[in-house]
Amino acid sequence: MPEVKLLSGGNPQIAKGDGDAPVQAYIAAMPGWKQRIGRAVDGLVTATLPGVRKAVKWNSPFYGAPGQEGWFLSFHCFDHYVKLTFFRGTALDPVPPGPSKQKEVRYLDIREEDPIDEAQLAGWIRQASGIPGERL
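As a convention, each chain's residues are numbered from 1 in the sequence order in which they are written. Given that the model is predicted, a residue must reach a pLDDT of at least 70 before its local features are reported, and side-chain atom pairs must reach 80 or more before they are shown or counted; all residues, however, enter totals for whole chains, interfaces and linings. The side-chain numbers reported here are obtained from all heavy atoms of the structure, hydrogens and water having been left aside.

Trainee: Which residues make up the packing of aromatic side chains, and what values go with them?
Mentor: Here the aromatic set is Phe, Tyr and Trp, taking the six-membered ring for Trp, and pairing holds for ring centres within 6.5 Å; pairs whose planes are under 30 degrees apart are stacked, those over 60 apart are edge-to-face, and all others are tilted. For the coordinates displayed, the defined rule picks out seven aromatic pairs. A ring pair is formed by Phe-78 and Tyr-81, whose centres lie 5.3 Å apart and whose planes are at 20 degrees; its orientation type is stacked. Among the aromatic residues, ring-to-ring pairing joins Trp-58, Phe-62, Trp-71 and Phe-87 into one connected group. By definition here, charges over rings are those cases where NZ of Lys or CZ of Arg is within 6 Å of the ring centre and within 35 degrees of the ring normal. Over the face of the ring belonging to Trp-58 we find Lys-16, whose NZ or CZ atom lies 5.5 Å from the ring centre. A cation over a ring is seen here: Arg-53 above Trp-71, with NZ or CZ 4.5 Å from the ring centre.

Trainee: With reference to specific residues and values, describe the sheet that holds strand β7 (residues 82-86).
Mentor: Whether two strands pair comes down to DSSP finding at least two bridges between them. Runs of H or I in DSSP of at least four residues are treated as helices and runs of E of at least two as strands, each being numbered from the N terminus. Pairing is antiparallel across the open sheet formed by six strands, whose spatial order is β3-β4-β5-β6-β7-β8. Pairing within the sheet leaves two strands with one partner each, and these edge strands are β3 (17-18) and β8 (106-110). Where strand β5 (residues 60-64) meets strand β6 (residues 73-77), two bridges bridge the pair, whose relative direction is antiparallel. Note that in β6 the partner of Tyr-63 across the bridge is Leu-73. Sheet strands touched by helix α1 (residues 20-29): β3, β4 (53-57), β5 and β6. Its angle to β4, the strand with the most contacts, is close to 55 degrees. Working rule for contacts: check all heavy atoms of both residues, and any pair within 4.5 Å makes them a contact. To get an axis, a line is fitted to the C-alpha atoms, and for a helix only the part in contact is used. The angle between two axes follows their N-to-C directions and goes from 0 to 180 degrees.

Trainee: Which residues make up the side chain of Arg-106, and what are the values?
Mentor: Topologically, Arg-106 is positioned in strand β8. Buried charge without a salt bridge: Arg-106, with Glu-104 as the nearest opposite-charge side chain at an N-O distance of 9.4 Å. Under the scheme applied here, a residue whose accessible area is under 20% of the maximum for its type counts as buried, over 50% as exposed, and between as partly exposed, the area being computed with a 1.4 Å probe on protein chains only. Under this rule, positive means Lys or Arg and negative means Asp or Glu; His and the chain ends count for nothing. Salt bridges are defined by distance alone: a side-chain nitrogen of Lys or Arg within 4 Å of a carboxyl oxygen of Asp or Glu.

Trainee: I'd like a rundown of the pairing of β4, residues and numbers included.
Mentor: The buried fraction of β4 amounts to four of the five residues, a majority that puts the element mostly inside the structure. Of the strand pairs in this sheet, β3 and β4 are connected by two bridges, and their pairing is antiparallel. Opposite Asp-18, over in β4, you have Ala-55 as the bridge partner. Relative to β5, β4 runs antiparallel, the two being bridged by five bridges. From the neighbouring strand, Val-56 faces β5, where its bridge partner is Pro-61. Taken together, β4 and the strand that follows it, β5, pair antiparallel across an intervening segment of two residues, in which Trp-58 is found at a positive phi of about 50 degrees.

Structural data, given as structure tokens:
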């Protein structure tokens, strides 16, 4: 794999593209411990929602429900965490903990030492995929 430029926070600069291949290229380029989180999130989304649509936009992986327009989840690398974005997060139960300036968006920040609550995350993925996605 050719060397990928890392942007601020260690976020890989990956060309926009639809499908699993650009998402896997992004994850492969995530530095250090962040790659483990990227693989875990991608694997959980794929296992929870067979046929999930994937793309890379704005140097971030995006996930959409099969047969629907729009996106329900994305993630992005920052210095000390990987930020998961639930575009309709206020509709989830329980609501993800990270507030946003955007009315419906909620975040989940996962740091290196944080365990991933797979049951909770899978529940959010199932719920979020049933809500009309964000059109970007």
